[in-house]
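So the chains spell out like this:
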Amino acid sequence: MTEEILKKIKQLPPLPESAMQIEAVYQDPDSSFNDMVKILEKDPLLTADILKAANSPLYGFSREINAISQAVGLFGMGTVRGFALASIVKKSFSLDLSPYGINNDMFSALSKKQHGLMTSWCIRKENKLLGVLSPAAFLVEIGKVLIAQQIMTDSKQEEFAQALKELGDVEAAERQVVGVDTPEVSATIFAQWKFEEGLVDVIRNCQNPDKADENDVRPAQILHVVRVAVPINGVITDESTKLAKELIAKYSLDLESFETAIENAAL
């Protein structure tokens, strides 16, 4: 971690009280479905954001979800927690992703599409992992915000654009120009905010799952596949799908469910 990026992380404001309450309920083994619903219903703006996310065509529900209780019942506490944290965290940053050649709407769509593919792929056979994977898919790219700020502070936009072109790998270009990559920055942000160790570990090691703690290897592998399938421009291509399937074979993950999820994501 570079000193400049670490300084930016330490200067971030603390998470709002609503996020802390959501985390407290989620981490409490004695908490219930209703406890989560009550916390979310206290914040009308957050409720609206969650319902908007839940009604995305990415999830394929034929009927409109119009209540938080309905969203929690359909998606589960872990996924709705992901919706909520994504909304809260992104409002904590001033977004300018121009060094990556994307705008704020594209950045938001990227995380939504990654999350939609993740959920569709894992909802049946890996459902127990969605408590970690849901927020991870929404939040893993947030480190790009601080990296983009550093690129602009150092006036290295052209150098970064050239590195992206030559290397064809976003994380490799980040490391070459800034000295750190997105997963490391994102993980450090969430460690500072005291998110649970498993989520931080999965995000930090999603490019190299074998380095994750034993219990976090599989979710890190799944996150790796999803980030390859849905690249930074948010467009799933034949090439990105091919690369994702190669990783699925390497990690011995569920190919059949992934293929179904990819078909749905392309609709």
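To be clear, the structure that these remarks concern was listed above.
This one's a predicted model, so the numbers in the text were calculated from it and none came from an experiment.

Draft legend 1. Region of the structure containing the overall build of the protein. Helices and strands together make up the secondary structure of the protein, namely 16 helices and zero strands. Along the three orthogonal principal directions, the C-alpha set of the protein runs to about 50 × 40 × 35 Å. A total of 267 residues make up the protein; the buried ones form 52% of that total. The long-range fraction of contacts in the protein, counting pairs at least 24 apart against all pairs at least 6 apart in sequence, stands at 66%. Accessible surface for the protein amounts to roughly 12,800 Å². Of this, 49% is attributable to carbon and sulfur atoms. Computed over 27 positive and 38 negative side-chain charges, the inter-centroid distance for the protein is 2 Å.

Draft legend 2. Quick look at the layout of surface pockets. There is about 630 Å³ of room inside the largest pocket. Around the largest pocket, the lining is made up of 23 residues, and of these Gly168, Asp169, Val170, Glu171 and Arg227 lie nearest the centre. The set of elements that each furnish at least two residues to the lining of the largest pocket consists of α7 (104–122), α11 (170–177), α14 (217–229) and α15 (238–251). Among the elements that take part in the lining of the largest pocket, α15 stands out by supplying four residues, more than any other. A breakdown of the residues in the lining of the largest pocket according to their chemical character gives ten nonpolar, six polar and seven charged.

Draft legend 3. Just the environment of Val202, in detail. With respect to the secondary-structure elements, Val202 resides in helix α13 (residues 197–204). Residue classification places Val202 among the buried positions, given a relative accessible area of 0%. Sequence separation between Val202 and Val132 is 70 residues; the distance between their C-alpha atoms is 8.1 Å. Those residues in contact with Val202, other than ones at most four positions away along the chain, are Val132, Ala136, Asp216, Pro219, Ala220 and Leu223.

Draft legend 4. Summary view of the packing of aromatic side chains. Inspection of every chain in the model, using the stated rule, returns seven aromatic pairs. On the basis of an interplanar angle of 80° and a centroid distance of 5.1 Å, the ring pair of Tyr100 and Phe160 is categorised as edge-to-face. In this pair, Tyr100 sits in the loop between α6 (77–90) and α7 while Phe160 sits in helix α10 (residues 157–167), placing the two residues 60 residues apart along the sequence. Residues Tyr100 and Phe160 agree in their burial class; the two are buried. Each residue in the set Phe75, Phe83 and Phe138 is aromatic and connected to the rest through ring pairs, giving one cluster.

Draft legend 5. Up close: the state of the cysteines. In total, this model carries zero disulfides according to the counting rule given. No disulfide involves Cys122; its nearest neighbouring cysteine sulfur is the one of Cys206, lying 14 Å away. A relative accessible area of 1% means that Cys122 is categorised as buried. For Cys206, a relative accessible area of 0% corresponds to the buried category.

Draft legend 6. Molecular detail of the pattern of salt bridges. Inspection of the entire model under this criterion finds eleven salt bridges. With a shortest N-O distance of 2.5 Å, Glu141 and Lys144 are connected by a salt bridge. Note on Glu141: relative accessible area 3%, which makes it buried. The partner of Lys245 in a salt bridge is Glu259, with the nearest N and O atoms 3.3 Å apart. You can see Lys245 sitting in helix α15 and its partner Glu259 sitting in helix α16 (residues 255–265), a full 14 residues away along the chain. A residue is classified by how much of its surface remains accessible, and Glu259, at 32% relative accessible area, is partly exposed. Residues joined in a network through salt bridges with shared partners are Glu141, Lys144, Glu171 and Arg227.

Draft legend 7. Summary view of the side chain of Ser18. Relative to the assigned elements, Ser18 resides in helix α2 (residues 17–27). With near-sequence residues (within four places) excluded, Ser18 lies in contact with Asp43 and Ile88.

Draft legend 8. How the structure looks around helix α3 (residues 33–41). Looking only at α3, the buried set comprises Met36, Val37, Ile39 and Leu40. Axial view of α3: buried residues confined to an arc of 165°, hence all on one face.

Draft legend 9. Molecular detail of the side chain of Glu126. With respect to the element layout, Glu126 can be found in the loop between α7 and α8 (130–139). Separated by 2.7 Å, the side chains of Glu126 and Arg218 make a polar contact. Beyond its immediate chain neighbours, meaning those up to four positions away, Glu126 contacts Arg218 and Ile222.

Procedures and definitions
- Residues numbered from 1 in each chain as written.
- Predicted model: local features only at pLDDT ≥ 70, side-chain atom pairs only at ≥ 80, totals over all residues.
- Heavy atoms only, no water.
- Helix = DSSP H or I, 4+ residues; strand = E, 2+ residues; numbered from the N terminus.
- Buried < 20%, exposed > 50% of the residue type's maximum accessible area, 1.4 Å probe, protein only.
- Contact = heavy atoms within 4.5 Å.
- Areas by Shrake-Rupley, 256 points an atom, 1.4 Å probe, with all protein chains shown as cover.
- Lys, Arg positive; Asp, Glu negative; His and termini not counted.
- Charge placed at Lys NZ, Arg CZ, Asp CG, Glu CD.
- 1 Å grid on protein atoms, 1.4 Å probe; cavity = no way out; pocket = protein on both sides within 12 Å on 5 of 7 lines; lining within 4 Å.
- Points joined across faces, edges and corners; volume = space filled by probe spheres on them.
- Nonpolar A, V, L, I, M, F, W, Y, C, P; charged D, E, K, R; others polar.
- Phe/Tyr/Trp six-rings, centres within 6.5 Å; stacked < 30°, edge-to-face > 60°.
- Disulfide = S-S within 2.5 Å.
- Salt bridge = Lys/Arg side-chain N within 4 Å of Asp/Glu carboxyl O.
- Arc of directions from axis to C-beta.
- Polar contact = N/O pair within 3.5 Å; in protein donor to acceptor, adjacent residues only side chain to side chain.

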